[in-house]
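Chains, contacts and geometry: an overview
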Amino acid sequence: MKKKQKTSMPDAKDWQLATKMVRGGRLQSPFGETSEALFLNSSYTYDTAEEGEGRFDGSIEGFKYGRYSHPNLAMLEERLRLMEGAEGCIAAASGMAAVFASLMCQLKAGDHVAASSVLFSSCHYIITQILPRFGITYTLVESGDMAAWAKAITKKTKCVFMETPANPTLELVDIAAIAKLCKKTGTCLIVDNVFATPLLQHPLKLGADVVVYSTTKHIDGQGRTLGGAILGSRTFIDDVALPFIRHTGPHMSPFTAWVLLKSLETLPLRVAKHCDNAEVLADLLSKNPKVTRLIYPGLKSHPQYAIAKKQMSRGGPMIAFELKGGKKAAFAFMNALQVVDISNNLGNAKSLITHPASTTHASIGAPERKKCGISDGLLRLSVGIEDVVDLKKDITAALAAV
Ligand SMILES: Cc1ncc(COP(=O)(O)O)c(C=O)c1O
């Protein structure tokens with residue numbers, strides 16, 4: 001009994017986004033299940049030796065081994081690909097596996113990488129600690145300094161890596177402007193789009209070559225799984241990223257891929273609610289005299305508001321702010337919160353507050369934090385999808401307790 005695969009219909013790419021997120025890539029077994037099935041197995045059998053040979057030489061379609069692909073991964077990668085409007089997608093075991101693979105699959109000794117200076121600490125570590133061990137040099141560039149970007153990106157620059165908005169200061173980089181520089185030198189522009197989420201910013205349309213995600217964040221959205229994804233041209237994914245991932249093994253498990261397939265169905269609804277709540281809370285925080293600095297891409301007070309308007313459709317689910325009184329005030333505020341949880345993670349249905357200097361960005365050291373504007377009083381708020389009335393009450397009461 002063979003089931004007709006509706007998602008292989010040629011019009012899947014023409015579906016509206018919400019339809020792609022619910023139905024894109026679906027494979028149904030002969031049982032005709034509504035919810036995608038979970039295929040928890042590592043390997044496959046062949047009816048004949050010839051079939052095994054055919055699957056390996058590509059003349060017969062089908063799965064071979066879990067490190068290469070599996071049904072849940074195939075469904076997820078196709079759904080992510082349709083969502084991003086990319087030619088190809090490959091998922092990975094975590095966001096960092098995706099970031100590392102997107103760089104390492106194409107770099108060699110003697111190459112140069114330019115990156116925005118404000119980065120998640122593990123991205124910073126890869127560029128400043130791991131790549132140099134393999135003879136790859138780097139330049140960190142302040143996000144808004146276009147003259148410095150123009151100087152840093154040369155013919156030797158194989159990749160540019162950037163986060164926009166950046167973790168944790170929400171600094172922005174003008175994707176289209178950097179893409180233009182990269183085109184001149186043949187440089188691969190990789191954008192970590194985690195903070196914008198796949199719904200608010202479309203780096204490939206702005207000229208980027210590769211987009212990476214930690215699916216651990218808003219794509220999962222409920223704090224259950226670690227995962228990552230790389231999206232780009234068919235040739236980049238098939239000929240460059242795929243061999244690297246297949247042979248080095250940072251693949252995504254069937255269970256994670258299955259959870260994420262379910263998550264994607266509700267991503268547009270969740271991101272809209274995250275943004276609605278974040279806009280209310282950014283406004284609330286911006287009016288409180290105890291808040292000395294409020295950074296939110298959706299507010300005119302963001303130093304790079306013009307870039308936000310140009311490349312993001314909304315301000316996003318993340319807010320950064322500083323309180324009068326530095327670390328002591330920041331800790332007092334965190335400890336007074338009753339609804340918002342203290343965590344180093346982000347992108348959850350539950351609102352989460354982070355003190356980057358002592359957690360996510362502790363490892364980059366105080367001098368580097370100072371250079372990046374990560375003060376001891378900086379807080380990062382990942383706004384959840386609770387009722388905003390409760391979040392407002394919680395934040396107002398915690399500010400009063402400082
Ligand atoms: C911007 C950004 N990129 C990548 C990662 C890494 O993701 P993962 O924890 O899934 O490896 C993170 C994690 O916080 C992040 O904030």
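What comes next is a walk through the structure. None of the values given here were measured: they were computed from a predicted structure.

1. So, the nonpolar core
Counting 110 residues, the largest nonpolar core has Ala92, Val160, Ala229, Ile230 and Ile319 as its most contacted members. In terms of residue count, the dominant contributor to this core is helix 10 (residues 254-286) (13 residues).

2. So, the packing of helix 4 (residues 95-104) against helix 9 (residues 234-248)
One can describe the packing of helix 4 onto helix 9 by two numbers: an axis separation of 9 Å at closest approach and a directional angle of 120°. Between helix 4 and helix 9, the interaxial angle falls into the category oblique. Once helix 4 is placed against helix 9, the crossing between them reads as right-handed. Facing helix 4, whose interface residues are Ala101, Ser102 and Met104, helix 9 presents Ala241, Phe244 and Ile245. Tallied by class, residues from the contact of helix 4 with helix 9 come to 5 nonpolar, 1 polar and no charged.

3. Quick word on unusual backbone geometry
A cis amide bond links Thr164 with the next residue in sequence, Pro165, at an omega value of -10°. Mapped onto the secondary structure, Pro165 falls in the loop between strand 4 (157-163) and helix 7 (175-185). Of note, the bond from Asn167 into Pro168 is cis; its omega dihedral lies within 30 degrees of zero at 10°. Considering the arrangement of structural elements, one finds Pro168 in the loop between strand 4 and helix 7. Phi is positive for Leu170, which is not a glycine, with a value near 60°. Residue placement: Leu170 occurs in the loop between strand 4 and helix 7. In this structure, Thr197 is a non-glycine residue whose phi angle is positive, near 65°. By the element assignment, Thr197 lies in helix 8 (residues 197-200). Judged by C-beta crowding, with 25 C-beta atoms within 10 Å, Thr197 ranks as buried.

4. Some words on the packing of helix 4 against helix 5 (residues 121-130)
It is the contact of helix 4 with helix 5, at a shortest axis distance of 10 Å, that shows an interaxial angle of 25°. Taken as axis vectors, helix 4 and helix 5 run roughly parallel relative to one another. At the point where helix 4 passes helix 5, the crossing takes the right-handed sense. In this structure, helix 4 contributes Met96, Val99, Phe100 and Leu103 to the contact, and helix 5 contributes Ser122, Cys123 and Ile126. Taken together, the residues of the contact of helix 4 with helix 5 sort by class into 6 nonpolar, 1 polar and no charged.

Parameters at a glance
- Residues numbered from 1 in each chain as written.
- Predicted model: local features only at pLDDT ≥ 70, side-chain atom pairs only at ≥ 80, totals over all residues.
- Core = buried A, V, L, I, M, F, W, Y, C linked by C-beta atoms within 7 Å.
- Buried ≥ 20, exposed ≤ 12 C-beta atoms within 10 Å, placed from the backbone.
- Helix = DSSP H or I, 4+ residues; strand = E, 2+ residues; numbered from the N terminus.
- Axes fitted to C-alpha atoms, helices over the stretch in contact; angles between N-to-C directions.
- Parallel < 35°, antiparallel > 145°, perpendicular 65-115°, else oblique.
- Left-handed = near helix turned anticlockwise from the far one by under 90°.
- Contact = placed C-beta atoms within 7 Å.
- Nonpolar A, V, L, I, M, F, W, Y, C, P; charged D, E, K, R; others polar.

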